[in-house]
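Breakdown of the fold
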Amino acid sequence: MSDTPFGFGLPPEEPENGDEGKKKDPAGGGQGSGGQGGDNPFGANPFGFGGLPGMGGPGGADNPFAAMFGSLNPNDLGAAFQQLGQMLSYEGGPVNWDMAKQIARQVVAQGTPDGTKDASVGPAEKAAVEEAVRLADLWLDGVTSLPSGASTSVAWSRAEWVEATLPAWQQLVDPVAERVGAAMGDVLPEEMQAMAGPLIGMMRSMGGAMFGQQIGQAVGALAGEVVGSTDVGLPLGPAGKAALLPLNIETFGKDLGVPKDEVRLYLALREAAHQRLFAHVPWLRSHLFGAVEGYARGIKVDTSKLEEAVGQLDPTHPEQLQEALQQGMFQPEDTPEQKAALARLETALALVEGWVDAVVHEAAKSRLTSADALRETLRRRRASGGPAEQTFATLIGLELRPRRLRDASRLWASLTDARGVDGRDDLWEHPDMLPTASDLDDPDGFVHREHLDFSEIDKMLGEAARGDGDDEGKDDSAK
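Report follows, based on the coordinates. (Residues numbered from 1 in each chain as written. Predicted model: local features only at pLDDT ≥ 70, side-chain atom pairs only at ≥ 80, totals over all residues. Heavy atoms only, no water.)

Turning to the overall build of the protein chain, a few remarks are in order. Looking only at helices and strands, the protein chain features 19 helices and four strands. Across the 479 residues of the protein chain, 47% fall into the buried class. Look at the contacts in the protein chain between residues 6 or more apart in sequence, and 77% of them connect residues 24 or more apart. Of the roughly 23200 Å² that the protein chain leaves accessible, carbon and sulfur atoms contribute 52%. (Helix = DSSP H or I, 4+ residues; strand = E, 2+ residues; numbered from the N terminus. Buried < 20%, exposed > 50% of the residue type's maximum accessible area, 1.4 Å probe, protein only. Contact = heavy atoms within 4.5 Å. Areas by Shrake-Rupley, 256 points an atom, 1.4 Å probe, with all protein chains shown as cover.)

Glancing now at the nonpolar core. Counting 94 residues, the largest nonpolar core has Trp-161, Trp-169, Leu-284, Trp-355, Trp-412 and Trp-428 as its most contacted members. At 14 residues, the largest contribution of residues to this core is made by helix α13 (residues 336-364). (Core = buried A, V, L, I, M, F, W, Y, C linked by side-chain atoms within 4.5 Å.)

So, on to helix α3 (residues 97-110). Compared with an ideal rise of 1.5 Å per residue, which puts 14 residues at 20 Å, α3 spans 20 Å between its outermost C-alpha atoms and is within 8% of the ideal. Sitting at the head of α3, Asn-96 places a side-chain oxygen 3.4 Å from the backbone nitrogen of Asp-98. Gly-111, located one to two residues past α3, shows a positive phi value of around 90°. (Expected span 1.5 Å × (residues − 1). Polar contact = N/O pair within 3.5 Å; in protein donor to acceptor, adjacent residues only side chain to side chain.)

With that out of the way, let us pick up the packing of helix α9 (residues 260-280) against helix α14 (residues 371-383). In contact at an axis separation of 11 Å, α9 and α14 are set at 60° when each is read in the N-to-C sense. By the angle class used here, α9 and α14 are oblique. As α9 runs across α14, the sense of the crossing is right-handed. Contact residues: Glu-262, Val-263, Tyr-266, Leu-267 and Arg-270 in α9; Ala-371, Leu-374, Arg-375 and Leu-378 in α14. Residues that form the contact of α9 with α14 fall into these classes: six nonpolar, no polar and three charged. (Axes fitted to C-alpha atoms, helices over the stretch in contact; angles between N-to-C directions. Parallel < 35°, antiparallel > 145°, perpendicular 65-115°, else oblique. Left-handed = near helix turned anticlockwise from the far one by under 90°. Nonpolar A, V, L, I, M, F, W, Y, C, P; charged D, E, K, R; others polar.)

Okay, the pattern of salt bridges next. With the rule as written, the count across this model stands at 17 salt bridges. With its nearest N and O atoms 3.1 Å apart, the salt bridge here joins Lys-101 to Glu-163. With Lys-101 in helix α3 and Glu-163 in helix α5 (residues 158-186), this residue pair connects regions lying 62 residues apart in the sequence. For Lys-101, a relative accessible area of 34% corresponds to the partly exposed category. By relative accessible area, Glu-163 is classed as partly exposed at 32%. A salt bridge links Lys-365 to Glu-362; the shortest N-O distance between them is 3.2 Å. Residue classification places Lys-365 among the partly exposed residues on the basis of a relative accessible area of 44%. (Salt bridge = Lys/Arg side-chain N within 4 Å of Asp/Glu carboxyl O.)

What follows covers the side chain of Thr-144. As for its placement among the helices and strands, Thr-144 is situated in the loop between α4 (123-140) and β1 (152-155). A relative accessible area of 6% places Thr-144 in the buried class. A polar atom in the side chain of Thr-144 sits 3.1 Å from the backbone nitrogen of Leu-146. Separated by 2.8 Å, the side chains of Thr-144 and Asp-425 make a polar contact. Setting aside its immediate chain neighbours within four residues, Thr-144 contacts Arg-276, Trp-355, Val-421, Arg-424 and Asp-425.

Moving on, we get to the packing of α13 against α14. Relative to each other, α13 and α14 sit at 165°, their axes nearing to 10 Å. When the axis of α13 is compared with that of α14, the two are roughly antiparallel. Handedness of the crossing formed by α13 with α14: right-handed. The residues of α14 that touch α13, namely those facing Glu-353, Asp-357, His-361 and Ala-364, are Ala-371, Asp-372, Arg-375, Arg-379 and Arg-382. Along the lines of polarity and charge, the residues of the contact of α13 with α14 split into two nonpolar, one polar and six charged.

Here it is, written out as C-alpha cells:
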C-alpha cells in the first residue's frame, strides 16, 4: 500500500525509448495525435488507474488510449470501455463502493504474495472455529463480568470477510472522502463553476473512482492478513457474530512453533472478548465511530496546491494535477477541537485494545503454555505497523500508537487487582467514567484515586424524585 493517503503516487515513468517509432507532426515538428509521450494528455495516466484490471500495461504507439488501457486484446477492450463508462457515470457518494468491492474481490482472488489462494471454508474448519469460540467464551466467563456477546460464530474466507466488512469501511472512510470530493470541485473559481458543471461532475466521478480503487486495493490486501473481524480495534463485522479466518490463522501461526489449536483458541479469545465489549457497552460503537468521524471532519484539505495546479495546468500535462495531489492534501486542523478529537479517538481505541489484551491474558495464562508468546507476538505485530494499523492510517490518516495499548493494558490489569473484575468492568457503564489520556500516562494514579460510587448517586436521585412526587401528591390532596 502507498505511504501517502489514498495512494496518490507519482505517475509511471515513460520508457527511455518512448519516442521511437512515433510520427512527427509535419507542421510543427511535434508528436501527432497518435503519440504517447509528454504531449499526449493520456500518457501519464494522471489518475493512477494502473491497478485496475486490464489497465496497467504499456500500449502501442499508434493507440492514443494505450497508456490508459494498456495492451488489450479485442476481448478485453469492450470490458475496459465499459469500466471507464461506469467510472464517469457514477453519481453516488464520495466513494465508488461498487468499484471498491469489485477490486477488493479481485485482489483477494489473486492471492497473497506468499502464493496462498483464497478458498471456501470446509465443514471441518467451521466446526473447529465454532468449538474454539465456544471454549473461549467459557474461559472468559471467569475473568469478566460482561456476558457473552457472540450469538453466532462463523468461519470466513477472505472474500466473505470483504463482503461482511465493507459497510463498516464505508462509515469510516466516507467523511474523509467527502471533504476531498468537495475540494476537487471548489478549486475552480466561483464564476467558472456555473459553466463547468459537467467538468466538476466528471472530476467528482473520477474522484469517487480514485477512492474506490485505493480502498478496494487496501481492503483486499488486508483480507489476506486479518484473522478476525476486530483486528483494527473496531467492530467491522455484523453485531453479535464472532468471526475467524482459518486460512489466515494458519498463515499467522506457521512459523511460531505453537500448536495450531492453541493459536486458533488464543485468537478466538480475542475475538470473543471484543464481541462481549461491543455487545454489552451499548454506547461504545457509536462513540468510536463518532470519534473517527469527528476527527475526519476536522481534517483540512489543502486546496492551495490544487488551485495552483489548476491555474497553471497545461492541458498536455495533466500529470501536474497528480503531482500536486501526491505532495499531500491532508492536514489536521491545529485547533483545540481537532486535538481533542484525536486524543479522544486514540484513547478510546487504546482502552478497547488494552481491556481485551488484559482479560485474554488472564483467561489464557494458566491454560495455554504459549499464552505469553502469542501475546507478545500480537503486540509486536501492532507495534511494527501491522496491516491493520497501516490500512487504518492510509484510509483516514491516523495511527494507533502502540505505547497507548501497553499503558492501557497495564491500567486494566491494575484495576483488576485493586477493584476486582466487577469494579474494573463497571467503568464501561458510561464514557465519562473511563480513564483519560492523562490517566494512561499515570495508571497507578488513576487506579488508587478515590472514585465516585455512581450507585449511591443514582439512589439519592431516585429518592429525591420519589420525594418530589410524594410532595406533589400531598399538595394536590391539600387543595
